[in-house]
Amino acid sequence: MMRNSPSKSSSSNSLTSSSSLLGNNNDFAASSLRRQNARTRTTKVVKVSAAAASFEISQEAKKTALLGVLFGGWYAFNIVFNIYNKQVLKAFPYPWHCTMFQFMAGCVLIAIMWGLNLVERPKKEVFSTENLKMVLPLAMIHTLGNLLTNISLGKVAVSFTHTIKAMEPFFSVLFSYLFLGATPSPAVVAALVPVVGGVALASLAEASFNWIGFGAAMGSNVVFQSRNVFSKKVMGGNKGVKMDNITLFSVMTLLSAVISLPLAVVVEGVKFTPAALATSGFPLADMMQRVFITGATFHLYQQVSYMILQQVTPVTHSVGNCVKRVVVIASSVFFFRNPVSPLNLAGTAIALAGVFAYSQVAKKGGGNKSSGGAYTDEFRRITGLVNLKDN
């Protein structure tokens, strides 16, 4: 038998070693490729996650910025309205006409916004006879409430009117209890005590106190907060055409203008002629400009308020409204240099602190957004805006 030659054996071993080395190299390459692919996938996932997080942060930042602009506009329009409105009412003491002018200016703005498609135009069904009949009582309440506010602003200081109007939550709770059987919790009652006490204290120390001004401001509270009772007892729930908040407010404004025009003429005579406006002591062009600014800011601050309600819960809006009163009171005192005693200041602060406490109690009681959107059934009932729909 022949033996294998050393050269053949060596060649065979070398070939086996090469194959093994090649296999190891292939395994190593495949393993490296798998690791590289895994790293690539991980990197892609991280990048996608980072992009998603960045997008969410960006969207949240945009929403926060928008809310900041809306709240700033709400407060700014309020300040301008109250200052100009007080000036107009002092020079032109016809609150019925001033109320009518404000609604007329609102009609002009509504026509511009609808004409330029700045807001969605309402459907024809919104102006149906049946739907207008449903909105008409709300427009009447809207007209009367704003008329009483203007009467108050014409008789007493702006700061005092807004201190009295801080009692709106008190009347809301009172009417809900008397007519709807909604018993307030002890926490709500406790929060309302400083509201009532603060207003009483501020009234005792108010230098510009006037019973007509005081009564008109209280009357506006009663009128506005009676909407819940009217809505529940008369309107009978969610009837009529569904409208978004801006459309509902616009229709109410148009109807209020129609209501206020004949009433202003009957009560105060024809005071919207150039000759009548000239009796104000201001140049005619200046007076007309002031009247329009008052009307425009009156409409804009209310419309922006409705826009904010689309973005936040009613409780957050209530807190913002409380802060707005503080800003308006402070700005009016600064602008008109109204004398404010320490007792008056303390009463105002106590009342506003009570309103803030009430809003916090309402929040704990379930004032957050419902799954249905920004407008809870409780909010629709209390405001009387039963036709509001969420966008």
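Heads up: the structure comes first, above all this text.
Small disclaimer: the values here were computed from a predicted structure and weren't measured.

I'm lost on the overall build of the chain in this one. Help?
Of the regular secondary structure elements, the chain holds 14 helices and zero strands. The order of α-helices and β-strands along the chain, N terminus first, is α-α-α-α-α-α-α-α-α-α-α-α-α-α. Across the 391 residues in the chain, those meeting the buried criterion constitute 44%. Looking at the chain alone, contacts between residues at least 24 apart form 86% of all its contacts between residues at least 6 apart. Surface summary for the chain: the accessible area is close to 20200 Å², and the carbon and sulfur share equals 66%.

For this particular structure, what's the right way to read the pattern of salt bridges?
Note on pairing: side chains with opposite charge can pair once their charged atoms come close. Going through the model one piece at a time under the given rule, you end up with three salt bridges. The residue E168 makes a salt bridge to R325 at a minimum N-O spacing of 3.6 Å. Of the two residues, E168 sits in helix α5 (residues 168-180) while R325 sits in helix α12 (residues 314-336), which places them 157 residues apart along the sequence. Taking the relative accessible area as the measure of exposure, E168 reaches 17% and is therefore buried. With a closest N to O distance of 3.4 Å, D286 and R290 form a salt bridge. You can see D286 and its partner R290 sitting in helix α11 (residues 284-311), four residues apart, about one turn around the helix.

Explain the packing of aromatic side chains to me, please; I cannot follow it from the model alone.
In this description, an aromatic ring pair is defined by two values, namely the gap between the centres and the angle between the planes. Applying the stated criterion to the full structure yields 19 aromatic pairs. Between the aromatic rings of F103 and F298, the centroid separation amounts to 5.7 Å while the plane-to-plane angle is 75°, which identifies the pairing as edge-to-face. Taken together, the residues span a long stretch of sequence, with F103 in helix α2 (residues 95-115) and F298 in helix α11 at a distance of 195 residues. Accessibility classification places F103 together with F298 in one group, the buried group. Ring geometry for F209 and F214: centres 5.6 Å apart, planes at 40°, overall tilted.

Just to check I follow, could you spell out a nonpolar patch on the surface for this structure?
On the surface, M104, L261, V265, V270 and F272 cluster together into a nonpolar patch covering about 360 Å² of accessible area. Topologically, M104 is positioned in helix α2.

Just checking my understanding: could you explain the side chain of S159 for this structure?
Positionally, S159 belongs in helix α4 (residues 158-164). Under the relative-accessibility criterion, S159 is labelled buried at 7%. Not counting the four nearest positions on each side in its chain, S159 is found in contact with I329, S332, V333 and N338.

Quick question: what am I supposed to make of the nonpolar core here?
With 18 residues, the main nonpolar core has F160, I164, M167 and M218 as its most contacted residues. For this core, the elements supplying multiple residues, two or more each, are α4, α5, α6 (186-204), α7 (211-225), α12 and α13 (342-364). Every residue in contact with M218, bar those within four places of it in the chain, is listed here: I164, M167, F171 and V199.

Which parts of the structure should I look at to understand unusual backbone geometry?
A negative phi angle is the norm for most residues apart from glycine, just as the trans form is the norm for most peptide bonds. Although it is not a glycine, N117 sits at a positive phi angle of roughly 55°. Secondary-structure assignment places N117 in the loop between α2 and α3 (129-155). Classification of N117 as exposed rests on a relative accessible area of 52%. Its identity is not glycine, yet R337 carries a phi of approximately 55°, on the positive side.

Definitions and limits used
Residues numbered from 1 in each chain as written. Predicted model: local features only at pLDDT ≥ 70, side-chain atom pairs only at ≥ 80, totals over all residues. Heavy atoms only, no water. Helix = DSSP H or I, 4+ residues; strand = E, 2+ residues; numbered from the N terminus. Buried < 20%, exposed > 50% of the residue type's maximum accessible area, 1.4 Å probe, protein only. Contact = heavy atoms within 4.5 Å. Areas by Shrake-Rupley, 256 points an atom, 1.4 Å probe, with all protein chains shown as cover. Salt bridge = Lys/Arg side-chain N within 4 Å of Asp/Glu carboxyl O. Phe/Tyr/Trp six-rings, centres within 6.5 Å; stacked < 30°, edge-to-face > 60°. Patch = residues over 30% accessible without salt bridge, like charges linked within 9 Å, V, L, I, M, F, W, Y side chains within 5 Å. Core = buried A, V, L, I, M, F, W, Y, C linked by side-chain atoms within 4.5 Å.

These values are about where atoms sit, not about what they do.
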